[in-house]
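# Structural description and commentary
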Amino acid sequence: MKLALKAVLLTLSLGAVAAPKYSVTVFERPFTMPRNSFESVLHFTDDNMLALGADYGITDHTQIGLGWDGFDTAGNMPTQKISFNAAQFLFSTRHVSSMATFSMPFNFNRMVLQEVSLGMPTYIPLVRGKVNLVLLENLAKINWLAETYADFKIETRLSWQATHALCLNLITSPATLSTSGNHAHIIQATPLKFKALYAITPMVDVFGSIGLNNIQNASGLSGMLGVALRGGDIEG
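First, a word on what this report is: a plain description of the structure on this page. Remember, predicted model here, so these are calculated numbers, not experimental data.

Rules and cut-offs
Residues numbered from 1 in each chain as written. Predicted model: local features only at pLDDT ≥ 70, side-chain atom pairs only at ≥ 80, totals over all residues. Heavy atoms only, no water. Helix = DSSP H or I, 4+ residues; strand = E, 2+ residues; numbered from the N terminus. Buried < 20%, exposed > 50% of the residue type's maximum accessible area, 1.4 Å probe, protein only. Polar contact = N/O pair within 3.5 Å; in protein donor to acceptor, adjacent residues only side chain to side chain. Contact = heavy atoms within 4.5 Å. Salt bridge = Lys/Arg side-chain N within 4 Å of Asp/Glu carboxyl O. Pairing = 2+ DSSP bridges. Phe/Tyr/Trp six-rings, centres within 6.5 Å; stacked < 30°, edge-to-face > 60°. Core = buried A, V, L, I, M, F, W, Y, C linked by side-chain atoms within 4.5 Å. Patch = residues over 30% accessible without salt bridge, like charges linked within 9 Å, V, L, I, M, F, W, Y side chains within 5 Å. Areas by Shrake-Rupley, 256 points an atom, 1.4 Å probe, with all protein chains shown as cover.

### Brief notes about the side chain of Asn214
The topology assignment puts Asn214 in strand β15 (residues 204-214). By relative accessible area, which is 9% here, Asn214 ends up buried. In this structure the side chain of Asn214 is engaged in a polar contact, spanning 3.0 Å, whose partner is the backbone nitrogen of Gln216. Leave out the neighbours within four places in its chain, and Asn214 touches Gln188, Ala189, Thr190, Pro191 and Ser219.

### Quick notes on the pattern of salt bridges
Under the counting rule described, the total for this entry stands at seven salt bridges. Taking the shortest distance from any N to any O, the salt bridge between Lys81 and Asp69 comes out at 3.5 Å. On the criterion of sequence distance, the pair formed by Lys81 in strand β5 (residues 81-92) and Asp69 in strand β3 (residues 62-72) is long-range, its members being 12 residues apart. The exposure class assigned to Lys81 is partly exposed, which follows from its relative accessible area of 24%. Looking at Asp69, the relative accessible area reads 29%, which means it is partly exposed. A salt bridge links Arg230 to Asp205; the nearest nitrogen and oxygen atoms lie 2.2 Å apart.

### Side note on the pairing of strand β7 (residues 115-119)
When a strand is regular, its side chains alternate between the sheet's two faces. The sheet contact formed by strand β6 (residues 97-107) and β7 spans three bridges and is antiparallel. In the strand pairing of β7, Ser103 is matched with Ser117. Here β7 runs beside strand β10 (residues 140-143); their pairing, made up of four bridges, is antiparallel. Residue Leu118 lies in a different strand from β10, and its bridge partner there is Ala140.

### Quick notes on the packing of aromatic side chains
Under the definition given, this model contains three aromatic pairs. An angle of 35° between the planes, with centres 5.3 Å apart, marks the rings of Phe31 and Phe89 as tilted. Remark: Phe89 occurs in strand β5 and Phe31 occurs in the loop between α1 (2-18) and β1 (37-45); sequence separation between them is 58 residues. Taking the centre distance of 6.4 Å and the plane angle of 65° together, the rings of Phe84 and Phe102 count as edge-to-face.

### Side note on the nonpolar core
When a protein is soluble and globular, its nonpolar side chains tend to lie buried together. The biggest cluster of nonpolar side chains holds five residues, and these are Val41, Leu197, Phe207, Met224 and Ala228. If near-sequence neighbours (up to four positions away) are discounted, Val41 is found in contact with Ala51, Leu52, Gly53, Phe207, Val227 and Ala228.

### Some words on the environment of Thr45
The residue Thr45 is located in strand β1 in this model. On the accessibility criterion, Thr45 (25% relative accessible area) is partly exposed. Note: C-alpha distance between Thr45 and Ile210 (165 residues apart in sequence) is 9.9 Å.

### Some points on unusual backbone geometry
Even without glycine at this site, Asn36 takes up a positive phi of about 60°. One can find Asn36 in the loop between α1 and β1. The partly exposed category is assigned to Asn36, whose relative accessible area is 27%. The backbone of Leu136 sits at a positive phi, close to 60°, despite the residue not being glycine. Counting through the fold element by element, Leu136 comes out in the loop between β9 (131-135) and β10.

### A word on a nonpolar patch on the surface
Nonpolar side chains collect at one region of the surface, where Phe38, Tyr56, Ile58, Ile64, Leu66, Ile82, Phe84, Phe102, Phe108 and Leu118 lie side by side and expose about 830 Å² of accessible area between them. Mapped onto the nonpolar patch, the elements with two or more residues apiece are β3 and β5. The topology assignment puts Phe38 in strand β1.

Laid out in structure tokens, this is it:
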């Protein structure tokens, strides 16, 4: 009896050790991939039949990654661009949390370096553990191909943890300001995107989105489907 009890306790303890260190619930996940863990993403969009991405946690608060836009649907040809991406956790309090993101594409069919994107995703809990307001996710894009200018996108995302494994998002952009003078605001065009993520396990997500560039005249319909796979130290 004692031996059987010890065997059960040993099995439970080994199971606890081997359990993933990553939550199924999106709201409980860290901002960046933990140290020595990775995430690989495969997704399909209207513009790109296949796109790939991968991120690796070099510390618990810093990750780096690469992204490839895959094959464009217009020419059925592989895109000649690979992006270097980085993210850094900044701070977290009871009322607001934030991180910094950086992306620089390398183009191989024309000028290699021509733009850089910056973000500062800032999370404000409206209903703790259930609803978040996310601001400054895609904050700025600086382009210097023909002329140097910067676009500042005021994007807003409402994120709802609908169930333990399902996270729903509603995304819009009230305005875009540009140093080139090409400003846009929500009265001219109202973009709206609906995005859903379902965590099959802590190591596997499926996700998708559908949206319009302007809901006022139902133009610019776009869609996306994808899967994310994780591994490394977070597997236990």
